[in-house]
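Here are the chains, one letter per residue:
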Amino acid sequence: MSEERKKILVLFAHPAQERSEVNKPLFTACQQHGDVTAIDLYREYPTFNINIDKEQKRLCEHDVIIFMFPLYWYSTPAILKQWQDLVLEYGFAYGVNGNALLGKRFLCAITAGGSEAAYQKKGYNHFSIRELLQPLEQTASLTGMDYLPPFVLFSARNAVEENRVNAHVDNLRHLLTALAEGTLDIEAVRSLPVLNTNLSDLFIT
């Protein structure tokens, strides 16, 4: 177990927060967690004028990077793509002397409207969530970050009426604490399709 707590950076991107029933409580849980710096990208950059130096400094100051977003058309919301395009520069995140992110942990915390069964080869969407997120997985690989499977809430449209939100938020809190304390069994996690399956079994006691 790591003696020094890890610092976690959550970059939250939701372009329609007034309609969000799930992402807002998830982001609130991040804001309330003592080991997390939680950034609302749409609030911070309403004109998409991203401060590259500021964002790179944030990355350097944290050990775990989390992209939190609703899955829109099998990808990230626009501002998160803009953030990647501008912040992950050659010479900083990759390329010659571009080792600022080397060894940091990276994962996505996302919500998906469809069921888990829809995100399978024979399902409606034909690909798993992890397959659809492969561009981000490759980004982690190129920048030397340690990629972890996504933390996903499936069937997010029905989560409130089915009373699944609170349990998912609690799981996120436990996950954040485990990442900060170094008590997540990383080797057991790597090959999982998603991170929220039997999450309690992945903690080192």
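Residues numbered from 1 in each chain as written. Predicted model: local features only at pLDDT ≥ 70, side-chain atom pairs only at ≥ 80, totals over all residues. Heavy atoms only, no water.

**Comments concerning a nonpolar patch on the surface**
Together, Tyr72, Trp73, Tyr74 and Tyr124 line one region of the surface with nonpolar side chains, adding up to about 590 Å² of accessible area. Its location among the elements puts Tyr74 in the loop between strand E3 (64-70) and helix H4 (78-87). When its relative accessible area of 35% is taken as the criterion, Tyr74 is described as partly exposed. (Patch = residues over 30% accessible without salt bridge, like charges linked within 9 Å, V, L, I, M, F, W, Y side chains within 5 Å. Areas by Shrake-Rupley, 256 points an atom, 1.4 Å probe, with all protein chains shown as cover. Salt bridge = Lys/Arg side-chain N within 4 Å of Asp/Glu carboxyl O. Helix = DSSP H or I, 4+ residues; strand = E, 2+ residues; numbered from the N terminus. Buried < 20%, exposed > 50% of the residue type's maximum accessible area, 1.4 Å probe, protein only.)

**A word on unusual backbone geometry**
In most cases, non-glycine residues show a negative phi, while peptide bonds are predominantly trans. Phi is positive for Trp73, which is not a glycine, with a value near 50°. Its location among the elements puts Trp73 in the loop between E3 and H4. By relative accessible area, Trp73 is classed as exposed at 79%. With a phi close to 65°, Asn97 is a non-glycine residue in the positive phi region. Structurally, Asn97 can be placed in the loop between H4 and strand E4 (105-111).

**A word on the packing of helix H3 (residues 52-60) against H4**
At a minimum axis distance of 10 Å, the contact between H3 and H4 shows a crossing angle of 90°. The angle between H3 and H4 places the two elements in the roughly perpendicular class. Residues Ile52, Glu55, Gln56 and Leu59 of H3 pack against Trp83, Leu86 and Val87 of H4. Grouping the amino acids of the contact of H3 with H4 by side-chain chemistry returns five nonpolar, one polar and one charged. (Axes fitted to C-alpha atoms, helices over the stretch in contact; angles between N-to-C directions. Parallel < 35°, antiparallel > 145°, perpendicular 65-115°, else oblique. Contact = heavy atoms within 4.5 Å. Nonpolar A, V, L, I, M, F, W, Y, C, P; charged D, E, K, R; others polar.)

**Points about the state of the cysteines**
Here a disulfide denotes one covalent bond, and it connects the sulfur atoms of two cysteines. For the structure shown, the criterion picks out zero disulfides. No disulfide involves Cys30; its sulfur sits 13 Å from the nearest other cysteine sulfur, which is in Cys108. Given a relative accessible area of 0%, Cys30 falls into the buried group. When its relative accessible area of 0% is taken as the criterion, Cys108 is described as buried. (Disulfide = S-S within 2.5 Å.)

**Details of helix H7 (residues 165-181)**
Here H7 spans 24 Å end to end across 17 residues, near enough to the 24 Å set by a 1.5 Å rise per residue. Regarding H7, the residues found buried are Val165, His168, Val169, Leu172, Leu175, Leu176, Ala178, Leu179 and Ala180. Taken together, the buried residues of H7 touch strand E1 (8-12), helix H1 (23-32), strand E2 (36-40), E3, E4 and strand E6 (151-153). The first or second residue beyond H7 is Gly182, which carries a positive phi of 75°. (Expected span 1.5 Å × (residues − 1).)

**Considering the pattern of salt bridges**
Under the counting rule described, the total for this entry stands at 13 salt bridges. A salt bridge links Arg5 to Asp35, with the nearest nitrogen and oxygen atoms 2.7 Å apart. Of this pair, Arg5 sits in the segment before E1 while Asp35 sits in the loop between H1 and E2; the two residues are 30 residues apart in sequence, bridging distant segments of the chain. Exposure remark for Asp35: the relative accessible area of 18% places this residue in the buried category. The closest approach of N and O atoms between Asp146 and Arg190, which form a salt bridge, is 2.5 Å. One end of the pair, Asp146, is in strand E5 (residues 146-147); the other, Arg190, is in the segment after helix H8 (186-189), with 44 residues separating them in the sequence. With relative accessibility at 30%, the residue Arg190 sits in the partly exposed group. Residues joined in a network through salt bridges with shared partners are Glu44, Lys54, Glu55 and Arg58.

**A short note on the packing of aromatic side chains**
Tallied over the full model, the rule gives eight aromatic pairs. With a centroid separation of 5.6 Å and 85° between ring planes, the pair formed by Phe67 and Trp83 is classed as edge-to-face. A residue pair is termed long-range when its members are at least 10 positions apart, and Phe67 in strand E3 and Trp83 in helix H4 qualify at 16 residues. Between Phe67 and Phe106, the ring centres sit 4.8 Å apart and the planes meet at 90°, which makes this aromatic pair edge-to-face. Of the two residues, Phe67 is situated in strand E3 and Phe106 in strand E4; the sequence distance between them amounts to 39 residues. Assessed through its relative accessible area of 2%, Phe106 is described here as buried. (Phe/Tyr/Trp six-rings, centres within 6.5 Å; stacked < 30°, edge-to-face > 60°.)

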